Amino acid sequence: MKFHLVPVEIIIQVFSHLGYRDLLACSLICRLFRTAVQENASCQYTIELAVSGMRNGPPSVMGHADRLTMLRNSQAAWHTLQWTALKDVRMLQGSLYELYGGVLVQSNHLDGRGLVFRRLPSHYRSIEEHVWSRDLEFILRDFTLDPAQDLLVLIAQPILRPSAHDARLETSIHIRSLTTGKVHPLATKSPVLVHDVDLRTANLTFTIQIHSDHLAVHFISHGIAPSELVVWNWRTGETLLNTYSTNLMAFAFLTERLIMVGGFGDVEFDLSQPRLFVVDLDSSNGERIEFDEVEYLCAFLYPACYPWVYPLSFLIRSDPCTDWSPHPSVQVPFSIGPGPRLYIVTIWVMQSEEVSPIDLFVLSDTLLDHVHALREGETGYDFEWSEWGPDGTRMIAQAPHSHVWVCYVFGTRFSSITGGGRENRHRESRTLEVWDFNQLGIRRDVGREAELSEVEWHVADASVLSSRVFVGEVRTRLPYRVFRRKLDAPLEGDPVFTEAMCSEDSVVLVDSQGRCFRILTF
């Protein structure tokens, strides 16, 4: 076919319906197609969205050309850590906090009877800051939120319910509207979820996550009782998974249907080998069951540990969920897409009398590609470390992040502050780091090292972990890059920031001793 006889307008109209892979393929066919792709704002915007891990926003007066310019400026600002504004916000009296969906929340009373919400602003996506508060009629133990669904989940102080046979702690989970504080309009059938936990549970703490209609709560026992993991459909109140085990140490959603659970292998025979179990919620009937009896879909095994290594704890962090998108009322030109999410899995193990934290950085695509490769109906498959770990992860001993201010990951970014030490209050300069694991962006920019001279590239190298934890040397090669910016040394009386949290349009610096947040806006 003689493409040069086809009007360019028709070619561009056809191209407007193509995805980024097809556009890149078309640009290789002929000079005409290459010019059409390279010079058309709509085509370039489609490609830039994909490379940036973003999705297009709802229609507005802003055209593709303006959105493309704004997106490129936003990405350039993140790559050089050139924020457009900063603001210091004092920490409130309460001890609870959350950062999700661009909203920073703090409890404002020591008994947790009130929350203050702060929607973080955005320069490049034209979001204005908004602050509001809600008083509560009960003592709050923990909470989470999902602004995309106008959802606020509140866990009240557990209540002791004596009985003739077995006293239990009754935990009430309230499903509220984020904007009104009242019962969520989609949860009218079951506005309060109730779950009883073993009275032997000491210092009960919680991990809470939301993925679409699914609400998961990890009831973490610090006593002799086992920890419990319960997943509900928060709209209907139906229990989807109810399991318990002393080996149930952490969890995270992989998809709405798949949940990942961190543990240390078979309790009797292989306690010290960490692994990530994947459980299909569709295969569970919601009946209470010990986790060892749960039919898991597959498990991702860590390298084998030495017999003297004793496992202590697990933490899995990722944000936001894979299909998250802003609330329809938020008119933004673009937002994070449904693409890969970075999971940071931290394990703590003890050898002799030394406690060693080890961080594993892995993308959701690495895990899901293996899950989808399973034969239909296959369950209980164990992926050995050699099958998924060396090329699909980065394992680093004691990566620089807090274990308290844990909202340090968003999308494929990880934020951290280095230099000076976390316990050191000396007024010396520290450095903000953002580690980027966006594989499409890395592959596109890897040939531009000269232009991006301030970037630290980890593309062809391997991280080598030689320790007395794992048997043999562990080498991992997942590509990433590090953006850095030196922070000004604090003057006398200034906050000393030692931690960093990350959201879609912000980095939030934390001075926990001086009780101050600094919001860096992009």
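Overview of the structure.

What counts, and at which threshold
- Residues numbered from 1 in each chain as written.
- Predicted model: local features only at pLDDT ≥ 70, side-chain atom pairs only at ≥ 80, totals over all residues.
- Heavy atoms only, no water.
- Helix = DSSP H or I, 4+ residues; strand = E, 2+ residues; numbered from the N terminus.
- Rg over C-alpha atoms; globule rule 2.2 N^0.38 Å.
- Buried < 20%, exposed > 50% of the residue type's maximum accessible area, 1.4 Å probe, protein only.
- Contact = heavy atoms within 4.5 Å.
- Areas by Shrake-Rupley, 256 points an atom, 1.4 Å probe, with all protein chains shown as cover.
- Lys, Arg positive; Asp, Glu negative; His and termini not counted.
- Charge placed at Lys NZ, Arg CZ, Asp CG, Glu CD.
- Axes fitted to C-alpha atoms, helices over the stretch in contact; angles between N-to-C directions.
- Parallel < 35°, antiparallel > 145°, perpendicular 65-115°, else oblique.
- Left-handed = near helix turned anticlockwise from the far one by under 90°.
- Pairing = 2+ DSSP bridges.
- Core = buried A, V, L, I, M, F, W, Y, C linked by side-chain atoms within 4.5 Å.
- Arc of directions from axis to C-beta.
- Salt bridge = Lys/Arg side-chain N within 4 Å of Asp/Glu carboxyl O.
- Phe/Tyr/Trp six-rings, centres within 6.5 Å; stacked < 30°, edge-to-face > 60°.

Our next topic: the overall build of the protein. A tally of regular secondary structure across the protein gives eight helices and 36 strands. The C-alpha atoms of the protein give 24 Å as radius of gyration, which agrees with the globular expectation for 522 residues (24 Å, within 12%). Across its three principal directions, the C-alpha atoms of the protein cover 85 × 55 × 50 Å. Out of the 522 residues belonging to the protein, those deemed buried represent 57%. Pairs at least 24 residues apart make up 60% of the contacts formed inside the protein by residues separated by at least 6 positions. When the accessible area of the protein is evaluated, it comes to approximately 23,400 Å², of which 51% is carbon and sulfur surface. The distance from the centre of the 46 positive side-chain charges to the centre of the 64 negative ones in the protein is 7 Å.

This paragraph deals with the packing of helix α4 (residues 41-52) against helix α5 (residues 64-80). Where α4 meets α5, the closest approach of the two axes is 9 Å, and the angle between their N-to-C directions is 30°. Judged on the interaxial angle alone, α5 and α4 are roughly parallel. The handedness of the crossing between α4 and α5 comes out as left-handed. Each of Ala41, Ser42, Gln44, Tyr45, Glu48, Leu49 and Ser52 in α4 lies in contact with α5, whose residues at this interface are His64, Ala65, Arg67, Leu68, Leu71, Arg72 and Gln75.

Quick look at the pairing of strand β10 (residues 168-177) now. Taken across its 10 residues, β10 has 10 buried, putting it largely inside the fold. Of the two faces of β10, the one carrying Arg168, Glu170, Ser172, His174 and Arg176 and the one carrying Leu169, Thr171, Ile173, Ile175 and Ser177 are both buried. By the bridge criterion, five bridges tie strand β8 (residues 151-156) to β10 in an arrangement that is antiparallel. Residue pairing across strands places valine 153 opposite isoleucine 175, the latter belonging to β10. Bridge analysis of strand β9 (residues 159-161) against β10 gives three bridges, and the strand direction is antiparallel.

Let us now look at the side chain of glutamate 48. Within the secondary structure, glutamate 48 is located in helix α4. Glutamate 48 gets classed as buried once you look at its relative accessible area, which sits at 6%. Setting aside anything within four residues of it in sequence, one finds glutamate 48 in contact with Leu68, Leu71, Arg72 and Arg444.

Turning our eyes to something else, we now look at the nonpolar core. In terms of nonpolar packing, the biggest core is built from 49 residues, with Leu115, Phe143, Leu432 and Leu509 touching the most fellow members. Sequence-distant contacts of leucine 432, that is, excluding residues within four places in its chain, are made with Leu81, Trp83, Ser416, Ile417, Phe483, Arg484, Arg485, Leu487, Ala500, Val507, Leu509 and Leu520. In terms of nonpolar packing, the next biggest core, distinct from the first, is built from 36 residues, Phe264, Val278, Leu297 and Cys305 among them.

This brings us to the sheet that holds strand β33 (residues 480-486). The strand order across the open sheet built from five strands is β27-β28-β29-β33-β30, with neighbouring strands paired in antiparallel fashion. Across the chains shown, the open sheet's two edge strands, defined by having one partner strand only, are β27 (409-410) and β30 (456-458). Taken together, the six bridges between strand β29 (residues 431-436) and β33 define a ladder with antiparallel strand orientation. Of the residues in β33, the one forming a bridge with leucine 432 is arginine 485.

This part takes up helix α3 (residues 31-39). For α3, the full list of buried residues reads Phe33, Ala36 and Val37. For α3, the angular spread of the buried residues around the axis is 95°, confining them to a single face. In α3, those exposed residues whose orientation departs by more than 90 degrees from the buried face are Arg31, Gln38 and Glu39. Lining the buried residues of α3 we find α1 (8-15), α2 (20-26) and α4.

This brings us to the pattern of salt bridges. Going through the model one piece at a time under the given rule, you end up with 21 salt bridges. Put simply, aspartate 505 and arginine 125 hold a salt bridge, and the shortest N to O gap is 2.6 Å. Of the two residues, aspartate 505 sits in the loop between β34 (499-502) and β35 (506-511) while arginine 125 sits in the loop between β5 (114-119) and β6 (130-135), which places them 380 residues apart along the sequence. Among the charged side chains, a network of salt bridges with common partners joins Glu48, Arg72, Asp436, Arg444, Asp445 and Arg481.

A full pass over the atoms with the stated rule returns 26 aromatic pairs. Ring plane angle 85° and centroid distance 5.3 Å describe the contact between phenylalanine 15 and phenylalanine 33, whose orientation is recorded as edge-to-face. Of the two residues, phenylalanine 15 sits in helix α1 while phenylalanine 33 sits in helix α3, which places them 18 residues apart along the sequence. Across the pair, exposure class does not vary: phenylalanine 15 and phenylalanine 33 are buried alike.

A few words now on the sheet that holds strand β24 (residues 354-363). One open sheet holds the four strands; their spatial order is β21-β23-β24-β26, and the pairing between them is antiparallel. Lying at the two open borders of the sheet, with one neighbouring strand each, are β21 (310-317) and β26 (393-397). Between one strand and the next, the sheet's axes are offset by a mean angle of 20°, whatever the strand orientation. When β21 meets strand β23 (residues 342-351), the two strands line up antiparallel, connected through seven bridges. Across the sheet, serine 313 pairs through a bridge with tryptophan 348, a residue of β23. Across the face of the sheet, helix α6 (residues 364-372) comes into contact with β23 and β24 while running at roughly 70° to β24.

Let us now look at unusual backbone geometry. Glycine aside, the phi torsion of most residues is negative, and most peptide linkages are trans. For the bond from aspartate 319 to proline 320, the omega torsion is -10°, close enough to zero to count as cis. Within the element layout of this structure, proline 320 appears in the loop between β21 and β22 (334-336). The phi torsion at aspartate 150 lies on the positive side, around 50°, for a residue other than glycine. Mapped onto the elements, aspartate 150 comes out in the loop between β7 (140-146) and β8.

Fair warning: the whole summary comes from geometry, so function is off the table for now.
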